[in-house]
Each structure stands twice: as structure tokens, then as C-alpha cells.
Amino acid sequence: MSGSRPTGFFGTLLHAAGRRQDVKIAQRLNEAEAKVARLENELAASRTIPPTSAATPLPPDHLQVRQVGGVWGPSFYREGRVIFDQVAAALGEAGQPLATTERILDFGCGCGRVLQSFEHVPPSGEVWGSDIDAEAIRWNRRHLGHLGQFYGNAALPPMRFPDGYFTAIYSISVFTHLPEEMQFAWLTELRRILRPGGVLLASLHGADYWSVDPGVKAEVESRGFAYRTGARVDGLPDFYMVAFHAEEYVRRTWSRFFDVLTVKPRYIHSAHDAAILRRRDD
């Protein structure tokens, strides 16, 4: 297949399996991703979001690729602001508006694509970003340190924060890539560091993602969850692959850790579903 190997995260993953059907699926995914990227760039050009200041330069290309699967250039932070506004709106609907958030954590912040928007929406309290990517955390400390504090977490809990430290936590494109038991470990930990009544927003790969592959679709429809491994992505851990969730599964299994307030289909950037959760006072 030399010369026709599909590109992008999904393409690399499915090609590694060496199955012709998977390669065709990956090619269709890449075509769809390219179309989405063109539309997003057109949409980005029309947005009236304040420009990035000199205090926050764009991350290097390889850190952008590691976080969003491509080099977005000037659109990197601009589209991060779109996600920021969606997160802020969902938190507000859940009764935890940013204006009254004492401490907020961007869990899996990467190189600050979403967190950088606090430059234009000054926070009322502490802002933290955490990530397994030590290089991204170092970059954030150097270039985004005026916006918040940054913590490099390990692959598994615990984190260094005390119980009930955060008022709100959001996590974009993290639970979309973890195996099931690791997800449960992190849900347990995020529950620990979130205060009773606090809100967690986590993005997920919903039906728009898992319905593309018949095998994945069958597994998700059967048990509510699927996880696929494949080729390692440069700069990311071996376990960081692709996970898929059904809403019923989230409501059934994640309710062990949180009250599931709602699951919003295609809410984050018109792509990921968003699970909105509240820690019970128990």
C-alpha cells in the first residue's frame, strides 16, 4: 500500500492492523477529516475573537500535532476559544459559571489550546492545567504561566491535589483515548479532587465516530464501549489510542462516580459528545 497509506491519527491506527477493510475505512475517515478541516478553517476566518497577544505565541508544530492531530497555525487558539465558550456555557447550565469558579482544572490541557482563552476571559479564581505530556507542560509554564499553574501528571493517579480542591474540571480529548480500566481510575481520582457539588465536563467519541466502523459499532451497541489499539503516535504513550462511548454506557457506569446530568451529542467543536457530571455530596 506504499504511496496510498492513509494519514492522520485514525489512518495510522487502522493501517497498523493490516486489514484491507480497515484501510478503506481509514481513507474515508481521512477524507471526512479533510472536509471538516476546510470547513473549520473557513469558519475560523469569520470569527471575531481577539487575536493572541505577544505574551502567548503559538506552540511549536509538533506540540500542536500531538494535541489536535495537525498544525492549525493561527486557528489553533482561535478554535480553542470556540471550545472554551462551549465549556463555559455547559458549566453555567450546570450551575457552575466561570464567574464564580474558585478553582478550575483543564485535565489533559496539552499545549494550552483551550486554557489560553483565559487571557481574554480573566478567571475569577485559580486556573490549573495538567497533562501527561511533560514537554507540553514545560512549554505552558514558560509561555502561559501568566494565565495559570501547570502540573505534569503520571499515567495513573494519584495527583498531588488535596481532596475537594477544584470547583470545576473540564477534560477535552482525554477519555476519547484511554482504555476502560484507566478511565475508571481517572474518574475515581477526578471525583476525589472535585468538591461536592462540583462539575466535570468530559468529551467523548460518540456515535458519529463509532458508527463508521462496523466492528466498533457492533461492540459499542453490545456493551456501550470500545477501545482500539494500533500504531504508536510519536510523543504519546502506547496506551493512548481510541475509545468510543455510548450514552447509555456513560449513564450506567460513570454514575458510580458522579451524577450524570446530561450527555450532549456533538457538542464540543461540533464533533465530540460532552458528558456533564456533578460530584455527589456523599
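The paragraphs below set out a description of the structure included in this document. (Residues numbered from 1 in each chain as written. Predicted model: local features only at pLDDT ≥ 70, side-chain atom pairs only at ≥ 80, totals over all residues. Heavy atoms only, no water.)

### As for the overall build of the protein chain
Helix and strand counts for the protein chain stand at 9 helices and 9 strands. Residues counted as buried form 51% of the 282 residues belonging to the protein chain. For the protein chain, restricting intrachain contacts to residue pairs at least 6 apart in sequence, the fraction spanning at least 24 positions comes to 66%. (Helix = DSSP H or I, 4+ residues; strand = E, 2+ residues; numbered from the N terminus. Buried < 20%, exposed > 50% of the residue type's maximum accessible area, 1.4 Å probe, protein only. Contact = heavy atoms within 4.5 Å.)

### Some thoughts on the environment of Gly-197
Relative to the elements of secondary structure, Gly-197 occurs in strand β5 (residues 194–204). With relative accessibility at 33%, the residue Gly-197 sits in the partly exposed group. As for Gly-197 and Arg-280, which are separated by 83 residues in sequence, their C-alpha atoms are 6.0 Å apart. Among residues more than four places away in sequence, those in contact with Gly-197 are Arg-278 and Arg-279.

### Comments concerning the sheet that holds strand β3 (residues 149–152)
In sheet architecture, strand pairing relies on hydrogen bonds along the backbone and comes in two forms, parallel and antiparallel. The strand order across the open sheet built from 7 strands is β3-β2-β1-β4-β5-β9-β8, with neighbouring strands paired in mixed fashion. Of all the strands in the sheet, the pair left with one neighbour each is β3 and β8 (259–268). Neighbour to neighbour, the strand axes of the sheet diverge by 15 degrees on average, direction disregarded. With 5 bridges joining them, strand β1 (residues 103–107) and strand β2 (residues 126–131) adopt parallel strand pairing. Counted as the bridge partner of Ile-104 is Val-127 from β2. Across the sheet, helix α4 (residues 75–93) touches β1, β4 (166–171), β5, β8 and β9 (272–278), and the angle it forms with β8 is around 150 degrees. Sitting on the sheet, helix α5 (residues 134–143) is in contact with β2 and β3, with an inclination near 165 degrees to β3. (Pairing = 2+ DSSP bridges. Axes fitted to C-alpha atoms, helices over the stretch in contact; angles between N-to-C directions.)

### Here's the deal with empty space enclosed by the protein
By the definition in use, this model includes 3 cavities of 30 Å³ or more. Approximately 50 Å³ is the volume attributed to the second largest cavity. Every residue lining the second largest cavity is listed: Leu-98, Thr-101, Ile-104, Phe-118, Pro-123, Ser-124, Gly-125, Glu-126 and Val-127. Of the residues in the lining of the second largest cavity, the class split is 5 nonpolar, 3 polar and 1 charged. (1 Å grid on protein atoms, 1.4 Å probe; cavity = no way out; pocket = protein on both sides within 12 Å on 5 of 7 lines; lining within 4 Å. Points joined across faces, edges and corners; volume = space filled by probe spheres on them. Nonpolar A, V, L, I, M, F, W, Y, C, P; charged D, E, K, R; others polar.)

### Some remarks on the packing of helix α3 (residues 61–68) against α5
Following both chains from N to C, one finds α3 and α5 inclined at 120 degrees, their axes separated by 11 Å at the closest point. The angle between the axes of α3 and α5 places the two elements in the oblique class. Remark: the crossing between α3 and α5 carries left-handed chirality. Here α3 contributes His-62, Leu-63 and Arg-66 to the contact with α5, which in turn contributes Glu-135, Ala-136 and Trp-139. (Parallel < 35°, antiparallel > 145°, perpendicular 65-115°, else oblique. Left-handed = near helix turned anticlockwise from the far one by under 90°.)

### Some thoughts on the pairing of β3
Relative to β3, β2 runs parallel, the two being bridged by 4 bridges. Across the sheet, Asp-131 pairs through a bridge with Gly-152, a residue of β3.

### A closer look at α4
For α4, built from 19 residues, the straight-helix expectation of 27 Å at 1.5 Å per residue is met to within 8% by its first-to-last C-alpha distance of 27 Å. In the stretch just after α4, Gly-95 is the one whose phi turns positive, near 85 degrees. (Expected span 1.5 Å × (residues − 1).)

### What about the environment of His-272?
By the element assignment, His-272 lies in strand β9. Here His-272 falls in the buried class, since its relative accessible area comes to 11%. The spatial distance from the C-alpha of His-272 to the C-alpha of His-205 is 5.4 Å, given a sequence separation of 67 residues. In this structure His-272 touches Ser-173, Thr-176, Ser-203, Leu-204, His-205, Tyr-209, Lys-264, Arg-266 and Tyr-267, once residues within four positions along its chain are discounted. A polar side-chain atom of His-272 sits 3.0 Å from a polar atom in the side chain of Ser-203. (Polar contact = N/O pair within 3.5 Å; in protein donor to acceptor, adjacent residues only side chain to side chain.)

### Notes on the side chain of Gln-64
Topologically, Gln-64 is positioned in helix α3. Assessed through its relative accessible area of 1%, Gln-64 is described here as buried. Among the polar contacts made by the side chain of Gln-64, one reaches the main-chain carbonyl oxygen of Pro-59 at a distance of 3.0 Å. What Gln-64 contacts, discounting residues up to four positions off in sequence, is Leu-58, Pro-59, Gly-69, Gly-70, Val-71, Trp-72, Gly-73, Phe-76 and Cys-111.

### Here's the deal with the pairing of strand β7 (residues 242–245)
Going residue by residue along β7, you find Val-242 and Phe-244 tucked away on one face and Ala-243 and His-245 tucked away on the opposite face as well. Of the strand pairs in this sheet, strand β6 (residues 225–228) and β7 are connected by 4 bridges, and their pairing is antiparallel. Paired with Arg-228 across the strands is Val-242, a residue of β7.

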